[in-house]
Amino acid sequence: MISRRWRSGRATSSTTCSAPAGHRPSAHNHKQTGGRMNRLMLLAAAATLAAVPAVAAEAPQRGGTITTVLSADIRSTNPGVDRDGATDIVHQHIVEGLVGFREDLEVGPMLADRWDVSPDGRTYTFHLRQGVKFQNGATMTSAEVKWSWDRLMDPATKWRCRDVYTGDNGLKVESVTAPDPDTVVYALNRADAGFLYNLARMDCGGTPVLHPSSVKPDGSWDKPVGTGPFILSDWRPGQYIELTRFDGYTPRDDAMSGYVGRKEVYVDKVRFAIMPDAAAKLTALQAGALDTAPLESQDRIQLQGNPNLTVESAVTPGWEALILHSEDPVLQDKRVRQAIVMALDRAAIAEAVTFGGSKFSATPVPAFSPYHSQAQTDALPYDPERAKALLAEAGYKGQRIVMTANKRYAEMYDCAVLMQDMLRGVGLNVDLEVLEWTAQLDAYTTGKFQTQSFSYSPRLDPLGQWERIIGPQPRKIWKDPRAIDLLAQANATTDRAQMQSVLDQIGRLFTEEAPAASLYLHASDYAVARRVQGFKVWPADAPRYWNVWLAK
């Protein structure tokens, strides 16, 4: 439980919590609730810790098992179908698609060697890599790529991303053909800027290319037979998932970047231990039983002095925000929404909740995005007096506003407590409603809420960063026709300058209309044993265990 008093927008805090849980199990990258040391003590400790020299880099060595951790079991072995964030991490080691995300969040080739786009932007011709093997020894051809696509688009498969390509949202894949064993042609109903990004999406399983032996004779799911560098060798529900090196894997020649490029597997196995108990994870880390583990903010501070561990960090597009239901009778007045945003010292909230690990972000577009601009930086100022004036102009009479949060994920709850104090300080009658996470997510999905302290999982494509909130669906908080039209314009172009212009318009309209109070973008923090070499954290907030080895 947190108690705070705010003075001039800064917090004095007294915090007592338990240690946090392991990797975020849901599709949303939330920080889990757990005990904490006093924030001021932790921040002071971080400032005074001396850096410990890292293990000297060595030539890659083969052999051994890397043990890491997930806080919840995977949901299935069916990529892009029955999935969540933790499940996606495991799947991305087993399967691959035609394309994938690079480190810079652009799309690069994976199973495709290259592709051509017709002048009208409606035809994509993918030229496949030669000699790629499935994990059953079969050689990949265009026939398997087409079979995989047809299976994913079959309504019976229940692929998460099927509706992206059916025309319901504008884009339709009209046909997929395999004119020869090395070529696959996608015909679209229109030019679409998001087509390659959507093919690469991790929540879509990376649009996986699978061998038909992945399904049983009756068409039901069996197990993934992909082209990835690891094979699923053992899954003991509630205990661990074990991946074994695929010795027949065919690496690309280009440098590794994100989920594409050269994937060289040095270790024999990777074991994902299931550890829902936070204290158990920290104990295992400090005892050397784990080689890598995702960290919560306070863990990062506590472990920085451990001589056996390093802490790797990267900013991600995972987004923390106070989302506002603009169709609510109280919140439909733009002045009330603007007042809510201006009553929040969002920079101070980000600093306090993340222990200095994240900074305020005016929009969900990260600073490292190639589409970040001044329009993504400008924000309504922190101005409590102006907030009070806007409420008076709107005729606000103290109507009750409910802010929904949960205690399973610490950052959502901590943000809610701080925001409630600040909003009450300008005269808003805000009550905090604490639900179980599943109940909060149901309320979000159905649109049955007023406000929520909420966290969105990383979307690596610039359109997806806005698509999370723009649209007519119940879960979308920004149903403004102007925003919907602008997003459609951005999707309908492949010209970068035109897309930048439209995305800038969306950013400015977001600031003006205030459908949410943007707080910060999540950091991805991992503890890494010093014997582990080559491990890198990147904006996808997803570990990769190729090009990683164990020092002897």
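The name that an unreviewed UniProt entry assigns to the protein chain is Solute-binding protein family 5 domain-containing protein, with the source organism given as Inquilinus limosus. UniProt annotates the protein chain under Subcellular location (unreviewed entry) with the comment "Periplasm". Per UniProt, the protein chain carries the Sequence similarities (unreviewed entry) text "Belongs to the bacterial solute-binding protein 5 family."

Engineer: Account for the overall build of the protein chain, naming residues and giving values.
Structural biologist: A count of helical and extended segments in the protein chain gives 14 helices and 20 strands. By the burial criterion, 59% of the 552 residues in the protein chain qualify as buried. Across the protein chain, contacts joining residues at least 24 apart in sequence account for 71% of those joining residues at least 6 apart. Surface accessibility of the protein chain: about 20600 Å² in total, with carbon and sulfur atoms responsible for 51%.

Engineer: Explain the side chain of T157 to me, and be specific about the residues and the numbers.
Structural biologist: With respect to the helices and strands, the residue T157 is situated in the loop between α3 (142-153) and β8 (173-180). Overall, T157 belongs to the buried group, its relative accessible area being 14%. When sequence neighbours within four positions are dropped, the list of residues in contact with T157 reads V81, R151 and L152.

Engineer: Hey, could you go over the sheet that holds β8 for me, with residue numbers and the actual values?
Structural biologist: In sheet architecture, strand pairing relies on hydrogen bonds along the backbone and comes in two forms, parallel and antiparallel. Taking strand neighbours across the sheet as the criterion, the four strands line up as β6-β7-β9-β8 in an open arrangement whose pairing is antiparallel. In this open sheet, the two edge strands, each paired with only one partner strand, are β6 (112-117) and β8. Going across the sheet, the axis of each strand differs from the next one's by a mean of 20 degrees, ignoring polarity. Relative to strand β9 (residues 183-188), strand β7 (residues 123-128) runs antiparallel, the two being bridged by five bridges. Its bridge partner lying in β9, F126 is registered against V184.

Engineer: I'd like a description of the packing of aromatic side chains, backed by residues and values.
Structural biologist: The description of two aromatic rings rests on the distance between their centres and on the angle between their planes. Taken as a whole and assessed by the stated rule, the structure comprises 27 aromatic pairs. Considering the side-chain rings of F101 and Y197, the 6.3 Å spacing of their centres and the 20 degrees angle between planes classify their relative orientation as stacked. Note that F101 is positioned in strand β4 (residues 99-101) and Y197 in helix α4 (residues 195-200), a separation of 96 residues in sequence. Here Y259 and W538 contribute two aromatic rings whose centre-to-centre distance is 5.1 Å and whose plane-to-plane angle is 85 degrees, an arrangement assigned as edge-to-face. You can see Y259 sitting in the loop between β11 (240-245) and β12 (269-274) and its partner W538 sitting in the loop between β19 (532-533) and β20 (549-550), a full 279 residues away along the chain. In this structure an aromatic cluster arises from ring pairing among W319, Y409, W437, Y444, F454, Y456, W466, W478 and F510. Over the ring of W546 we find K263, and its NZ or CZ is 4.6 Å from the ring centre.

Engineer: Account for helix α10 (residues 410-425), with residues named and values stated.
Structural biologist: The end-to-end C-alpha distance of α10 is 23 Å, a good match for the 22 Å that 16 residues give at a rise of 1.5 Å each. For α10, a buried count of 13 out of 16 residues is recorded, marking the element as mostly surrounded by other parts of the structure. After α10 finishes, the residue G427 shows a positive phi value of roughly 100 degrees.

Engineer: Outline empty space enclosed by the protein, supporting the account with residue identities and numerical values.
Structural biologist: Counted according to the given criterion, the structure contains five cavities of 30 Å³ or more. Together, 13 residues line the largest cavity, and Q92, G97, V99, G100 and Y259 are the ones closest to its centre. Here the lining of the largest cavity gets three residues from one element, more than from any other, and that element is β4.

Conventions used here
- The residue numbers shown here count from 1 along each chain, following its written sequence.
- Reporting in this predicted model follows two pLDDT cut-offs: at least 70 for local features of residues, and 80 or more for side-chain atom pairs to be given and counted; totals over whole chains, interfaces and linings ignore these cut-offs and use all residues.
- As a convention, hydrogens and water are excluded, and side-chain values are obtained from all of the structure's heavy atoms.
- UniProt positions are given in the numbering used here, feature names are shortened, and annotations may be inferred rather than shown by experiment.
- A run of H or I in DSSP becomes a helix once it reaches four residues, and a run of E becomes a strand once it reaches two; helices and strands are each numbered from the N terminus.
- When accessible area is computed with a 1.4 Å probe and restricted to protein chains, residues below 20% of their type maximum are described as buried, those above 50% as exposed, and intermediate ones as partly exposed.
- Any pair of residues with heavy atoms lying within 4.5 Å of one another is described as a contacting pair.
- To measure how exposed things are, a 1.4 Å probe is used in the Shrake-Rupley method; for residues, cover is taken only from the protein chains shown.
- Following DSSP output, two strands are said to pair if at least two bridges run between them.
- All axes are obtained by fitting lines to C-alpha atoms, using only the stretch in contact for helices, and the reported angles, taken between N-to-C directions, cover 0 to 180 degrees.
- Only Phe, Tyr and Trp rings take part, Trp by its six-membered ring, and two of them pair if their centres are within 6.5 Å. Stacked means planes under 30 degrees apart, edge-to-face means over 60, and tilted covers everything else.
- Definition used: whenever NZ (Lys) or CZ (Arg) falls within 6 Å of the ring centre and also within 35 degrees of the ring normal, the charge is taken to sit over that ring.
- Helix span, expected: 1.5 Å multiplied by one less than the number of residues in the helix.
- Think of a 1 Å grid over the protein atoms and nothing else: a 1.4 Å probe that fits but is trapped marks a cavity, an open set flanked by protein within 12 Å on at least five of seven lines marks a pocket, and residues with an atom within 4 Å of a point count as lining.
- Grid points are joined across faces, edges and corners, and a volume is the space filled by probe spheres set on the points.

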